[in-house]
Amino acid sequence: MNLLVLALAPVVIIAAYIYFRDKYEKEPLRLLLFALLAGGLTVIPILFLEGFLDRFTVQFPWLLAAAWKAFAVAAFSEELFKYLALYLLIWKSPEFNEKFDGIVYAVYISLGFAAVENVLYVMDGGLSTGIMRAITAVPAHAIFGITMGFYFGLAKFYEKQRQSLKQKALLLPILLHGIYDFILFTEIGWLTIVFVGFVVYLYISGLKRLRELSKQSIYNTDYDLLNEKLSNTKP
């Protein structure tokens, strides 16, 4: 029971933090819970795709095998299905009415996945695994979600750049996730320093994106978006 609490505690804490950072218009709790559930359910197709892609890992030598496992097996599979869940859940929803909402729902979907993954790892690895993942893996998943939601939210409201922003919403989380896993999969001792630095970078970049879209809320007034809308209405 204690391990279960340890596994889920970082998920609950981050979910609460994101909820309170959405300070201008809260999202419906029903939809947020659905996002968590959707994220948890992505584990099923992800396991199938990861299992298929992992068959090819043995075809590569050491570092290439680590890269394949990090970027293709783990990062691509997980971020792809998170993105699909995000798109299906909110792209056409009337609740998706400001850019910060992209971050909120993307993080909740990521946390749904992270909750299931973390329970499996912590139940198997014990207390030390739970503590380590509480400050690394679970926040990392949330930050991949922030990155995805940041560009997804922009894509919703900036029509001229929509396609490129949607691509960034998928590709940048894959890149960040792949780098994170690659450092671990190489099992090179001195890369621990690089890993710590990368985790710090993830924290800083995630908080920066949160602040940026929070300031651009239409309820705060987003003058850039207002100017774009007005320019599109000119004859």
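Structure's up top.
Residues numbered from 1 in each chain as written. Predicted model: local features only at pLDDT ≥ 70, side-chain atom pairs only at ≥ 80, totals over all residues. Heavy atoms only, no water.

A.B. asks: Explain the environment of S77 here, please?
C.D. replies: Relative to the helices and strands, S77 is located in helix α4 (residues 62-90). Among the residues examined, S77 registers a relative accessible area of 0% and is labelled buried. In this view, S77 contacts I46, L49, E50, L53 and A72; residues no more than four positions away in its chain are not counted. (Helix = DSSP H or I, 4+ residues; strand = E, 2+ residues; numbered from the N terminus. Buried < 20%, exposed > 50% of the residue type's maximum accessible area, 1.4 Å probe, protein only. Contact = heavy atoms within 4.5 Å.)

A.B. asks: Quick question: what am I supposed to make of the pattern of salt bridges here?
C.D. replies: Pairs may arise between side chains of opposite charge once their charged atoms sit close together. For the coordinates displayed, the defined rule picks out three salt bridges. In this structure, K69 and D54 form a salt bridge, with 3.0 Å as the shortest nitrogen-oxygen distance. Note that K69 is positioned in helix α4 and D54 in helix α3 (residues 43-54), a separation of 15 residues in sequence. Residue classification places K69 among the partly exposed positions, given a relative accessible area of 31%. A salt bridge links K82 to E79; its shortest N-O distance comes to 3.1 Å. Remark: E79 and K82 occur in helix α4; sequence separation between them is three residues, near one turn of the helix. Overall, the relative accessible area of 0% leaves E79 in the buried class. (Salt bridge = Lys/Arg side-chain N within 4 Å of Asp/Glu carboxyl O.)

A.B. asks: Please explain a nonpolar patch on the surface as it appears in this structure.
C.D. replies: Together, M132, I135, V196, V200, Y203 and I204 line one region of the surface with nonpolar side chains, adding up to about 560 Å² of accessible area. Every element with two or more residues in the nonpolar patch is listed here: α6 (127-135) and α9 (191-215). Per element, the largest residue contribution to the nonpolar patch is four residues, and it comes from α9. Structurally, Y203 is set in helix α9. With relative accessibility at 35%, the residue Y203 sits in the partly exposed group. (Patch = residues over 30% accessible without salt bridge, like charges linked within 9 Å, V, L, I, M, F, W, Y side chains within 5 Å. Areas by Shrake-Rupley, 256 points an atom, 1.4 Å probe, with all protein chains shown as cover.)

A.B. asks: Looking at this structure, how should I read unusual backbone geometry?
C.D. replies: Excluding glycine, most residues fall at negative phi; most peptide bonds, likewise, are trans. Phi at E187 is positive, roughly 55°, even though this residue is not glycine. Looking at the element boundaries, E187 is found in the loop between α8 (162-186) and α9. Judged by relative accessible area, E187 falls into the exposed class, the value being 72%.

A.B. asks: Any chance you could explain helix α7 (residues 137-157) here in plain terms?
C.D. replies: Counting along an α-helix, one turn takes 3.6 residues, and residues three or four places apart therefore face a common direction. Look at α7: 31 Å from first C-alpha to last across 21 residues, which is about the 30 Å you get at 1.5 Å a residue. Across the 21 residues that make up α7, a large majority, 20, are buried. (Expected span 1.5 Å × (residues − 1).)

A.B. asks: Quick question: what am I supposed to make of the environment of I18 here?
C.D. replies: Its place among the elements puts I18 in helix α1 (residues 2-21). Residue classification places I18 among the buried positions, given a relative accessible area of 1%. Once residues within four sequence positions are removed from consideration, I18 is found in contact with F100, V104, V107, Y108 and L210.

A.B. asks: For this particular structure, what's the right way to read the packing of α1 against α9?
C.D. replies: Angle between the axes and distance between the axes: these two values describe a pair of packed helices. It is at 11 Å that the axes of α1 and α9 come closest, and there the two elements cross at 25°. If you check the angle between α1 and α9, you find them roughly parallel. In this structure, α1 contributes Y17, I18 and R21 to the contact, and α9 contributes L207, L210, R211 and S214. In the contact of α1 with α9, the residues fall into four nonpolar, one polar and two charged. (Axes fitted to C-alpha atoms, helices over the stretch in contact; angles between N-to-C directions. Parallel < 35°, antiparallel > 145°, perpendicular 65-115°, else oblique. Nonpolar A, V, L, I, M, F, W, Y, C, P; charged D, E, K, R; others polar.)

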